[in-house]
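If you want the building blocks of each chain, they are given just below.
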Amino acid sequence: MISKGLPGFRDFPPEDLALRAHIFRVWREVAARYGFEEYDGPPLEPLDLYTGKSGDEIVAQLYSFTDKGERQVALRPEMTPTLARMIGARANGMKKPIRWFSIPQLFRYERQQRGRLREHFQLNCDLIGEAGPLADAEIIALAIDVMRGFGLGPEDVRVRVSDRRFVAFRLAAAGVPDELMPGVFRAIDRMEKDPDGASRMLGELQLAPGAIDWIVRLTDRGHVDDLLRARATVSTPLGATLDWLDKIGLADWIDFDPTIVRGLAYYTGTVFELFDAKRTLRAICGGGRYDTLLQSLGGADLPALGFGMGDVVLGELLKDRGLHPAIAPSIDLFVAAVTSDDVPYVLKLAHELRDAGFRVEYALNGNPVGKQLNLANARGARFAIVIGPDERARGEVQLKDLMAKTQEAVNNTSLVSHLSSLVASRPMSHDPRP
RNA sequence: GUGCCUGUAGCUCAAUUGGUUAGAGCGCCGCACUGUGGCUGCGGAGGUUGCGGGUUCAAUCCCCGUCAGGCACCCCA
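Just so it is clear, the model here is predicted, and its values are computed rather than measured.

Asker: Where do I start with the packing of aromatic side chains in this structure?
Answerer: In this description, a pair of aromatic rings is defined by centroid distance and the angle of the planes. According to the stated counting rule, one finds 11 aromatic pairs in the structure shown. A ring pair is formed by Phe 24 and Trp 27, whose centres lie 5.7 Å apart and whose planes are at 20°; its orientation type is stacked. Taken together, the residues Phe 24 and Trp 27, both in helix H1 (residues 14–33) and 3 residues apart, mark about one turn of the helix. For the pair Phe 24 and Trp 27, one class covers both residues: buried. Through successive ring pairs, a cluster of aromatic residues spans Phe 9, Tyr 63, Phe 107 and Tyr 109. The lysine or arginine in question, Arg 20, covers the ring of Phe 12, its NZ or CZ lying 4.5 Å from the ring centre. If you follow Arg 118 out to its NZ or CZ, it ends over the ring of Tyr 109, 3.9 Å from the centre.

This is the structure in structure tokens:
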């Protein structure tokens, strides 16, 4: 047996590629609707592009090695440094805000689990050069509309939104000193999954008892609602972002959740994650505002925000909900020869039909007509053309509608135009299964 | 990287307390069917039981190792 693929790497036979292609199609279509332009970069980068500036959590799981030229290289674990390099090189001449998206294949060396491999494709959308809260609403709206593009609704997917500036402001008011903020955020990040561990972390921070109590209640619905009502009285962009999303008409999707922190340290403001409503899968999408990152990575001092959305969890959600694309037929027409004397005419006709743009197949062996039609069915062809000595003598073909199970004689001279109207005016396909 | 669980045909699964030649359904190929398709019937191919070692008269079954997958940690592109 041939050696297997590497763990955490996927093969894409046609039935799996169909789902991936569907995901890419929706990603590109919705991003384009928001005026985003697609870019790309190299999948292999110098190692120091990531070790210098990315967070430790990414560096620890880099898929890195030494190449034949003794260069230290890494398969890209994220797109942002590459984006920062490109923006840094040309931002001066670009009209702001910059709306760019990409669908990179990203890599990470770690033990795989469901929804979590060593490679995946990720939609990256970034909005660069606008610091105002409408930009935050715009990028969240884009993420939501991608969900809608797949046929998902607010009952399927929830958007949990927070803002580090807002939470930090309230934490300060509750008595948390600035130097303890990072540790408090780490604890908040854990509160949902591991309340005991989070409490222990808070206890080690030597906070005032009242502050600890206030923080612990961030998982309490009533406490969060109080915070939400108070947002208008606090000078942070969170309230404006939420209000803009309401005006856009997407408030149904949004849950304000101050326990959303995001693992990456570089977020400076709005942070958000998309989860399936049943919470059985990992996060579908995560993003936020990173106003200082581009300068530290690529030298362009521009505010920015964006999100990443992977194909693995999303694909599982679509399969769970029956929203994956139906099996598509591979051909429109099948041309069958009755006798070996008919084969040359089949070849000529099939070639003409292919030139006309139809997807055409014919039998490569000498199977009887019944077998050939069987193959036509298995391919999902809507029509089959049968050519035998009798048809040739009359200058016509038998055109079978495989779905309607009807058959008619069609003159050679009108065949292409006749088929054009049929294939254009009827469903392109039917279910190949019985 | 740590712990637990699971590996039998392309797929989904069987196989008595360890006991003869590891079976079935689906799928695939062929025949019935030499001018007409999804049905039916019959037949066929396809397995070193993930791999390696050990215990035993005998291992798909028990033990160890290894690889792969699932789950939980870690972390969350």
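Asker: Teacher, can you tell me more about the pattern of salt bridges here?
Answerer: Pairs can form between side chains of opposite charge whenever their charged atoms are close. If you walk through the whole model with that rule in mind, you get 25 salt bridges. Measuring nitrogen to oxygen at the nearest pair gives 2.8 Å for the salt bridge that ties Arg 28 to Glu 38. With Arg 28 in helix H1 and Glu 38 in strand S1 (residues 37–38), the pair connects residues that are 10 residues apart, well separated along the chain. For Glu 38, a relative accessible area of 41% translates into the label partly exposed. A salt bridge links Arg 289 to Asp 136; its shortest N-O distance comes to 2.8 Å.

Asker: Teacher, can you tell me more about the environment of Gly 288 here?
Answerer: Inspection of the secondary structure puts Gly 288 in strand S11 (residues 285–289). The spatial distance from the C-alpha of Gly 288 to the C-alpha of Ser 417 is 54 Å, given a sequence separation of 129 residues. Apart from residues lying up to four places away in sequence, Gly 288 is in contact with Tyr 267, Thr 270, Val 271, Phe 272, Leu 305 and Gly 306.

Asker: Hey, could you run me through the protein's contact with RNA strand B in this one?
Answerer: The environment of RNA strand B is made up of 43 residues, and the closest members are Pro 77, Gln 112, Arg 116, Glu 391 and Leu 402. Here RNA strand B approaches the protein such that, of its atoms within 4 Å, sugar and phosphate make up 40%. One of the backbone N or O atoms of Pro 77 is found 2.2 Å from a sugar or linking oxygen in RNA strand B. Separating a base oxygen of RNA strand B from a backbone N or O atom of Asp 390 is a distance of 2.9 Å.

Asker: Looking at this structure, I do not really get the domain arrangement of chain A. What am I missing?
Answerer: The accessible area lost on association of the parts is a frequent measure of interface size. Here chain A is described as being made up of domain 1 (14–320) and domain 2 (333–425). Just the C-alpha atoms count here: the centres of domain 1 and domain 2 sit 53 Å apart.

Asker: Can you walk me through unusual backbone geometry in this structure?
Answerer: Phi is mostly negative for residues that are not glycine, and the peptide bonds are mostly trans. The residue after Lys 96, namely Pro 97, is reached through a cis peptide bond having omega -5°. Mapped onto the elements, Pro 97 comes out in the loop between helix H4 (80–90) and strand S5 (98–102). Even without being a glycine, Arg 279 presents a positive backbone phi close to 60°. By secondary structure assignment, the location of Arg 279 is in the loop between strand S10 (270–276) and S11. For Arg 279, a relative accessible area of 38% corresponds to the partly exposed category.

Asker: Looking at this model, I keep getting lost on the sheet that holds strand S3 (residues 63–66). Mind explaining?
Answerer: Strand pairing in a sheet takes place through backbone hydrogen bonds and is either antiparallel or parallel in direction. The sheet built from 3 strands is open, its strands ordered S2-S4-S3 with antiparallel pairing. Both outer strands of the open sheet, strand S2 (44–46) and S3, are each paired with one neighbouring strand and no more. Each neighbouring strand pair of the sheet contributes to a mean axis angle of 35°, computed without reference to strand direction. With 3 bridges joining them, S2 and strand S4 (residues 72–75) adopt antiparallel strand pairing.

Asker: Even after reading the chapter, I still don't get the nonpolar core, so can you show me in this structure?
Answerer: Judged by nonpolar contacts, the single largest core of 71 residues is most densely connected at Trp 27, Met 147, Leu 171, Ile 215, Ile 284, Phe 307 and Met 309. Broken down by element, this core gets its largest block of residues, 10 residues, from helix H5 (residues 133–149). With residues near it in sequence (within four places) discarded, Met 309 still touches Trp 27, Phe 121, Gln 122, Leu 123, Ala 143, Val 146, Met 147, Ile 284, Cys 285 and Leu 314. By size, the runner-up hydrophobic cluster in this structure holds 22 residues, among which are Ala 91, Ile 98, Ile 128 and Ile 260.

Asker: It is not clear to me how the environment of Val 59 should be interpreted in this structure. Could you clarify?
Answerer: As for its position among the elements, Val 59 is in helix H3 (residues 56–59). For Val 59, a relative accessible area of 27% translates into the label partly exposed. Sequence separation between Val 59 and Ala 74 is 15 residues; the distance between their C-alpha atoms is 9.9 Å.

Asker: Help me understand the side chain of Gln 122, please; the structure alone is not making it clear to me.
Answerer: Inspection of the secondary structure assignment puts Gln 122 in strand S7 (residues 119–128). Here Asn 124 takes part through its side chain, which lies 2.6 Å from a polar atom of the side chain of Gln 122. Those residues in contact with Gln 122, other than ones at most four positions away along the chain, are Trp 27, Ser 102, Ile 103, Pro 104, Leu 106, Gly 308, Met 309 and Gly 310.

Rules used throughout
- Residues numbered from 1 in each chain as written.
- Chains lettered and ligands numbered in written order.
- Predicted model: local features only at pLDDT ≥ 70, side-chain atom pairs only at ≥ 80, totals over all residues.
- Heavy atoms only, no water.
- Phe/Tyr/Trp six-rings, centres within 6.5 Å; stacked < 30°, edge-to-face > 60°.
- Helix = DSSP H or I, 4+ residues; strand = E, 2+ residues; numbered from the N terminus.
- Buried < 20%, exposed > 50% of the residue type's maximum accessible area, 1.4 Å probe, protein only.
- Lys NZ or Arg CZ within 6 Å of the ring centre and 35° of its normal.
- Salt bridge = Lys/Arg side-chain N within 4 Å of Asp/Glu carboxyl O.
- Contact = heavy atoms within 4.5 Å.
- Near = heavy atom within 4 Å.
- Polar contact = N/O pair within 3.5 Å; in protein donor to acceptor, adjacent residues only side chain to side chain.
- Domains from an automatic or database assignment.
- Pairing = 2+ DSSP bridges.
- Axes fitted to C-alpha atoms, helices over the stretch in contact; angles between N-to-C directions.
- Core = buried A, V, L, I, M, F, W, Y, C linked by side-chain atoms within 4.5 Å.

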